[in-house]
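# Understanding the architecture of this molecule
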Amino acid sequence: MSNNRGMNLLRVVARPLLAAPFIADGVDALMHPRFHVERAAGVRPLIDKATGAVGLEPLTDQQLAVAGLRFALGRKPRVAALTLAAIGAPMALVNAPLPGTTRGLSKEQIKRRRYRTLNKAGLAAGVLLASTDRV
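This text gives an overview of the structure that appears in the document. Predicted model only: the values in this text are computed from it and were never measured. (Residues numbered from 1 in each chain as written. Predicted model: local features only at pLDDT ≥ 70, side-chain atom pairs only at ≥ 80, totals over all residues. Heavy atoms only, no water.)

## A look at the overall build of the protein chain
In plain terms, the rule: Numbering of helices and strands runs from the N terminus; a helix is a DSSP stretch of H or I covering at least four residues, while a strand is a stretch of E covering at least two. Categorising residues by exposure relies on relative accessible area from a 1.4 Å probe, with only protein chains included: less than 20% of the type maximum marks a residue as buried, more than 50% marks it as exposed, and the intermediate range marks it as partly exposed. With residues, only the protein chains shown are counted as cover, and all accessible areas are computed by Shrake-Rupley using a 1.4 Å probe.
Counting its secondary structure elements, the protein chain contains six helices and zero strands. Reading the secondary structure of the protein chain in the N-to-C direction produces α-α-α-α-α-α. In terms of its C-alpha atoms, the protein chain occupies a principal-axis envelope of roughly 55 × 30 × 30 Å. Here the protein chain, with 135 residues, has 27% of them falling under the buried criterion. For the protein chain, the accessible surface area stands at approximately 8,900 Å², while carbon and sulfur atoms represent 63% of it.

## Some details on the nonpolar core
Going by this rule: Each nonpolar core is a collection of buried residues, namely Ala, Val, Leu, Ile, Met, Phe, Trp, Tyr and Cys, held together in the definition by side-chain atoms within 4.5 Å. Contact definition: two residues touch when any of their heavy atoms are within 4.5 Å.
Residues A19, F22, A67, F71, A72, A80, A81, L84, A85, L123 and V127 constitute the largest nonpolar core, which totals 11 residues. Contributions of two or more residues to this core are made by α1 (3-31), α4 (61-73), α5 (77-94) and α6 (107-130). Here the element with the most residues in this core is α5; it accounts for four residues. Ignoring anything within four residues of it in the chain, the contact list for F71 reads R15, L18, A19, P77, A80, A81, L84, V127 and A130. Counting residues in each nonpolar core, the second largest holds five residues, with A40, I47, I87 and M91 among its members.

## Re the environment of M7
Mapped onto the secondary structure, M7 falls in helix α1. Taking the relative accessible area as the measure of exposure, M7 reaches 33% and is therefore partly exposed.

## Structural notes on the pattern of salt bridges
The condition that has to hold: When a carboxyl oxygen of Asp or Glu lies within 4 Å of a side-chain nitrogen of Lys or Arg, that pair is called a salt bridge.
With the rule as written, the count across this model stands at five salt bridges. Of the charged contacts in the structure, one is a salt bridge between R15 and D133, with a shortest N-O distance of 3.6 Å. Of this pair, R15 sits in helix α1 while D133 sits in the segment after α6, placing them 118 residues apart in sequence. You can call R15 buried: its relative accessible area is 15%. Here E108 makes a salt bridge to R112, at a shortest N to O gap of 3.9 Å. With E108 and R112 both in helix α6, this residue pair falls four residues apart, about one helical turn. Judged by its relative accessible area of 41%, R112 is partly exposed. Here the salt bridges do not stand alone but share partners, grouping R11, R15 and D133 into one network.

## As for the environment of A20
For A20, the position within the fold is in helix α1. As a C-alpha pair, A20 and F71 span 51 residues in sequence and 9.7 Å in three-dimensional space.

## Some thoughts on α4
This is how the line gets drawn: One fewer than the residue count of a helix, multiplied by 1.5 Å, yields its expected span. For a residue, the bend is simply the angle between two axes, fitted respectively to the seven-residue segment ending there and the seven-residue segment starting there.
Counted at 1.5 Å a residue, the expected span for α4 with its 13 residues is 18 Å, and the 19 Å between its end C-alpha atoms agrees. Of all bends in α4, the biggest is about 40°, found at A67. Turning to α4, its buried residues number three or more, namely A67, G68, F71 and A72. Looking one or two places after α4, you find G74, whose phi comes out positive at around 75°.

## Let's talk about a nonpolar patch on the surface
Put simply, the rule reads: Like charges within 9 Å and nonpolar side chains (Val, Leu, Ile, Met, Phe, Trp, Tyr) within 5 Å are joined into patches, using only residues over 30% in relative accessible area that form no salt bridge.
Taken together, L9, V12, V13 and L17 make up a surface patch of nonpolar side chains, about 400 Å² in accessible area. Inspection of the secondary structure assignment puts V12 in helix α1.

Below you can see the structure in the form of structure tokens.
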């Protein structure tokens, strides 16, 4: 098997796996929009700034909702990956256990928030890296 065929197989498997958490968030946003709108309201300006920084126009709610599916299916995957990174990085900060935001939380709750923040930041970094894939 040539290296190119192996990389293509890797892409076929890796893109959907990397997109899965974003798709799950998108489905949850469709089912519980109020919660997601409230969470994203504070970071929507950051999302718009991030999309502008990577050369994209401000994203509509529909574009945000389908970016994970487009990436998983390989439909304009570089743009979809940039979109997911532009969404993921600010959203990772929404519930980050930053100083002054953990009052009243147990150590276990803070630990879970830290884990979720690092998980979302790692996913954002993964799709940012995927956005440089020329295939």
